[in-house]
Amino acid sequence: ASPSRASAAEPERTGRAPRQLTVIASGDVLLHEALHRQAQRDARAAGVRGYLFDPIFAAVRPVVSEADLAICHLETPLGEPDGPFTGYPRFVVPPQIAATLARTGYDTCSTASNHTIDDGEQGVYRTLDALDAAGLRHAGSHRSAAEAATPTILTVRGVRVAHLSYTFSLNGLRRPADKPWLVNDLRADAVLAEARRAPAAGAQIVIASLHWGTEYQQRPNSMQVNLARTLLASPDIDLILGHHAHVVQPFERIGDKWVVYGMGNHVAWQHQSDVTRDGVLARMTFREVGPGRWRVVRAEALPTWMHLSNPARLVY
């Protein structure tokens, strides 16, 4: 049987059914070296070469793929197909994960995190090239100033949805001085400026993925709370999706909008405590509440669990 599901919904209204779409999002895809080894074992079992991550994600594929828009958070840079690969503190992970995420049903991934430039600018370029090859859109890191200036917009059931992504930290690493656009810094003015550009580029819904918070703390910190209120006060931002803490943090409704402070780990290998094995899929139902105006009318928290015994598997 599936775990219990928590949700909050607005009452249905009578009359002609308005347009709706569902968005599902997940927390950190953080491929520690033990998961590389699991993917190697799964590849051998399937009779293929290299790394196969699909079995780790198999349990969530039905719920992810049924959403109209699915958003992942790829926390680490991708390497060459045959490596070399590294783990904490500076990650470089198998690029085969990109194809797995696409086959799982994800449409776009946020890539701004404290590990984005672990492998320097070439790691950024390699990651985005691999996502492109897998047919996945991406937001948060860039290969050029022009790319950074162009919001990521996806057409979902005829509705144009912008996906933004920002990180509060790079773990002390620095971008090349002439390439500040490699990854987005989490500053209110920067997020709001891109959010204003998105409707001008045709977006009707704007979703911001934010890498923020205090690791292993289940309550949002003051920066998260204050920034969420600042951003959601803007008419240009409709939903905030948070990650980084590696534990689940609350959902909160602010006015008629929602912030998901933290979705925990989606796929990772962490033993700090049992709560680092918890994750949540945030499923948000948007409804058109006026011509071209959309609002989340149902917020659902779908719990997941990272099973670390052999074989490592995501449980839903």
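Nothing here was measured: the structure is a model prediction, and the numbers come from that model.

A. Quick peek at the pairing of strand S2 (residues 20-29). With respect to burial, S2 is a largely interior element, 8 of its 10 residues being buried. When S2 meets strand S13 (residues 278-290), the two strands line up antiparallel, connected through 6 bridges. Along S13, the bridge assignment pairs Ala 25 with Ala 282. Relative to strand S12 (residues 265-267), S2 is paired through 2 bridges, and the arrangement is parallel.

B. Here's a closer look at the nonpolar core. Within the largest apolar cluster, 47 residues are counted, with the highest numbers of intra-cluster contacts made by Ile 97 and Leu 101. If you list the elements that add at least two residues to this core, you get S2, helix H1 (33-46), helix H2 (54-57), helix H3 (61-66), strand S3 (69-74), helix H4 (96-104), helix H5 (120-134) and strand S14 (293-307). Counting residues per element, this core draws most heavily on H5, which supplies 5 residues. Beyond its immediate sequence surroundings of up to four residues, Ile 97 is in contact with Val 29, Leu 31, Phe 53, Phe 57, Leu 74 and Leu 78.

C. Spatial organisation of the state of the cysteines. Enumeration over the complete set of coordinates arrives at 1 disulfide. Put simply, Cys 72 and Cys 109 are joined by a disulfide, and their sulfur atoms are 2.0 Å apart. Note on the Cys 72 and Cys 109 pair: the S-S dihedral is about 105°, so by sign convention the disulfide is right-handed. One end of the pair, Cys 72, is in strand S3; the other, Cys 109, is in strand S4 (residues 108-110), and 37 residues separate them in sequence. Residue classification places Cys 109 among the buried positions, given a relative accessible area of 0%.

D. Here's a closer look at the environment of Ala 70. Locating Ala 70 in the fold gives a position in strand S3. Using a relative accessible area of 0% as the deciding quantity, one classes Ala 70 as buried. Through-space distance from the C-alpha of Ala 70 to that of Val 23 is 5.8 Å; in sequence the pair is 47 residues apart. Other than its neighbours up to four places away in sequence, Ala 70 contacts Ile 24, Val 64, Gly 105, Tyr 106, Asp 107 and Thr 108.

Each value, and the rule that gives it
Residues numbered from 1 in each chain as written. Predicted model: local features only at pLDDT ≥ 70, side-chain atom pairs only at ≥ 80, totals over all residues. Heavy atoms only, no water. Buried < 20%, exposed > 50% of the residue type's maximum accessible area, 1.4 Å probe, protein only. Helix = DSSP H or I, 4+ residues; strand = E, 2+ residues; numbered from the N terminus. Pairing = 2+ DSSP bridges. Core = buried A, V, L, I, M, F, W, Y, C linked by side-chain atoms within 4.5 Å. Contact = heavy atoms within 4.5 Å. Disulfide = S-S within 2.5 Å.

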